[in-house]
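What follows is the residue order along each chain.
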Amino acid sequence: MLPIVAGLAIVALIYWFFFGPRREEAGQVTPEGVQEFTITVSGAYSPSRLVVEPGRPVRLIFDRQETESCSDQVLIPEYGIARDLPPFKQTVVEFTPAEPGDFVFACSMGMYRGTILVAREATGKVDLDIKGMTCAACVSRVEKGLRRVPGVMGASVNLATETAQVAAGAGVTVEKLVGAVERSGYAASPKRATSAERDVERAREARLVGAKFWVALALTLPVLATSMHIPGVPTMPTWLQLALTAPVILWAGRHFFVQAAKALRYRAADMNVLIAIGTGSAFGYSLWRTILAKGGHAEVYYEVAAAIITLILLGRCLEATAKGKTGDAIRKLLELEAKSARVIRNGEELVLPLGDVVKGDIVIVKPGEKIAVDGVISEGSSSIDESMLTGESIPVDKVPGHQVYAGTLNQQGSFRFEATGVGQETALARIVQMVQQAQ
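Residues numbered from 1 in each chain as written. Predicted model: local features only at pLDDT ≥ 70, side-chain atom pairs only at ≥ 80, totals over all residues. Heavy atoms only, no water.

Draft legend 1. Quick look at the sheet that holds strand β7 (residues 81-84). Taking strand neighbours across the sheet as the criterion, the five strands line up as β4-β10-β9-β6-β7 in an open arrangement whose pairing is mixed. Two strands in the sheet have a free side with no partner beyond their single neighbour: β4 (49-52) and β7. Across the sheet, the axes of successive neighbouring strands diverge by a mean angle of 20°, strand direction being ignored. Pairing between β4 and strand β10 (residues 113-118): four bridges, direction parallel. (Pairing = 2+ DSSP bridges. Helix = DSSP H or I, 4+ residues; strand = E, 2+ residues; numbered from the N terminus. Axes fitted to C-alpha atoms, helices over the stretch in contact; angles between N-to-C directions.)

Draft legend 2. Structural context of the packing of helix α5 (residues 238-252) against helix α7 (residues 271-293). One way to put it is that α5 packs onto α7 with a least axis distance of 11 Å and a crossing angle of 150°. Of the possible angle classes, the one that applies to α5 and α7 is roughly antiparallel. Once α5 is placed against α7, the crossing between them reads as left-handed. Of the residues in α7, those in contact with Thr238, Leu242, Thr245, Ala246 and Ile249 of α5 are Thr279, Phe283, Leu287 and Thr290. (Parallel < 35°, antiparallel > 145°, perpendicular 65-115°, else oblique. Left-handed = near helix turned anticlockwise from the far one by under 90°. Contact = heavy atoms within 4.5 Å.)

Draft legend 3. Molecular detail of unusual backbone geometry. At the junction of Ser46 and Pro47, the peptide bond is cis and its omega measures out at 0° in the coordinates. Among the structural elements, Pro47 can be located in the loop between β3 (45-46) and β4. Unlike most non-glycine residues, Phe88 shows phi in positive territory, near 60°. You can see Phe88 is positioned in the loop between β7 and β8 (90-95).

Draft legend 4. A look at the sheet that holds strand β18 (residues 374-380). Read across the open sheet, the six strands follow the order β16-β15-β17-β23-β18-β21; overall the sheet is antiparallel. The open sheet is flanked by β16 (348-353) and β21 (403-404), the only strands paired with a single partner. Where strand β17 (residues 362-365) lies against strand β23 (residues 415-421), four bridges are found, and the strand directions are antiparallel. Opposite Ile364, over in β23, you have Arg416 as the bridge partner.

Draft legend 5. Representation of the packing of aromatic side chains in the model. For the structure shown, the criterion picks out ten aromatic pairs. Seen from their ring centres, Tyr45 and Phe105 are 5.1 Å apart, and the 40° between their planes marks the pair as tilted. Within this pair, whereas Tyr45 is found in strand β3, its partner Phe105 is found in strand β9 (residues 101-107), the two being separated by 60 residues in sequence. For the residue pair Tyr45 and Phe105, the accessibility class agrees, reading buried in each case. What links up through ring pairs into an aromatic cluster is the set Tyr45, Phe62 and Phe105. Seen from the ring of Trp251, Lys212 lies directly overhead, with NZ or CZ sitting 5.9 Å from the centre. (Phe/Tyr/Trp six-rings, centres within 6.5 Å; stacked < 30°, edge-to-face > 60°. Buried < 20%, exposed > 50% of the residue type's maximum accessible area, 1.4 Å probe, protein only. Lys NZ or Arg CZ within 6 Å of the ring centre and 35° of its normal.)

Okay, structure coming up:
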């Protein structure tokens, strides 16, 4: 009877760990409209990460439960706050944050540190970069985490591009969305304006994964061969199997254990947790048997741990290659985009970066130039190559009142047009978005 009760208790504990309620970082709002947090001071600040809204008063109640000299004062430099904290008493600190940003609060010696995140309100569509996803289950977990945020009307996560699109209503902040993803066991940040940094990072990660795979394969094959008792292959000493397997687990497979620890920190389970438990158990048991054998023969499972890591790394290599190929189409589309535009402002002709062009600007296009944004011709005429949109190689004649599109090429003649679609509103940007969503 006792083993059954113990088993049920363990199952209940595991269920609570992964599916039980999680502690939120947002404070309670009092009837007076004050955001209130109670922070325990004992060896550290808990909680140490606070999310607050700008323009609303904040009340921090520091409950100091120790007599250590380093925690006798709290400093919030950005708000000019320096307050003594008597031991075993509560001290109230109040202020009103104005601008969004990250602000540090710390003890007088800087040993205890926390962060106050003054949130930025996100209305409409919000794009996030997500890191750490490996499978469809990860996508589902991130989507569920985002949809649980009050005010979120929908969320769509793309595993191939590692991004999320969130339909956010009033009161939803970027920090709340990032926090929801982190509580699901993954890393998130506001999406970068361009994909150049992401491409460089992906290429670096692909090279690193490739190097880990080939090193792991070279070290795993001898261990695997001796464990399978292939005729003609000599038996390998246990300590040598340990020496060959250790780099596979501790270096090539380190990423899986780090990601598993992050997932468990937020009480989530993913493929990395399964890999870490499986390979860690096999390696740990084998290491223990090796130590007990004191240089003699022992039944070990080093080949199991090494083979699992190597095969998963092979999958990661194939995945990185596939992601690189799917990203080629997007990069080629982005290369069609002009880098600058010639704009009339205050009677002067200026060459501006594409991001500085706004609706209503009068844009000048000369022969051989790419059209920077969508618009309607107001003066002049020309022939424009629109093959990148329509596939038709014959240039199209354009006169005042005709629509022109970003990325198309002006063949001959000069003209001016009024910008009607800029940034993500151009036809080219919408094509890029559709290609991304289709991956």
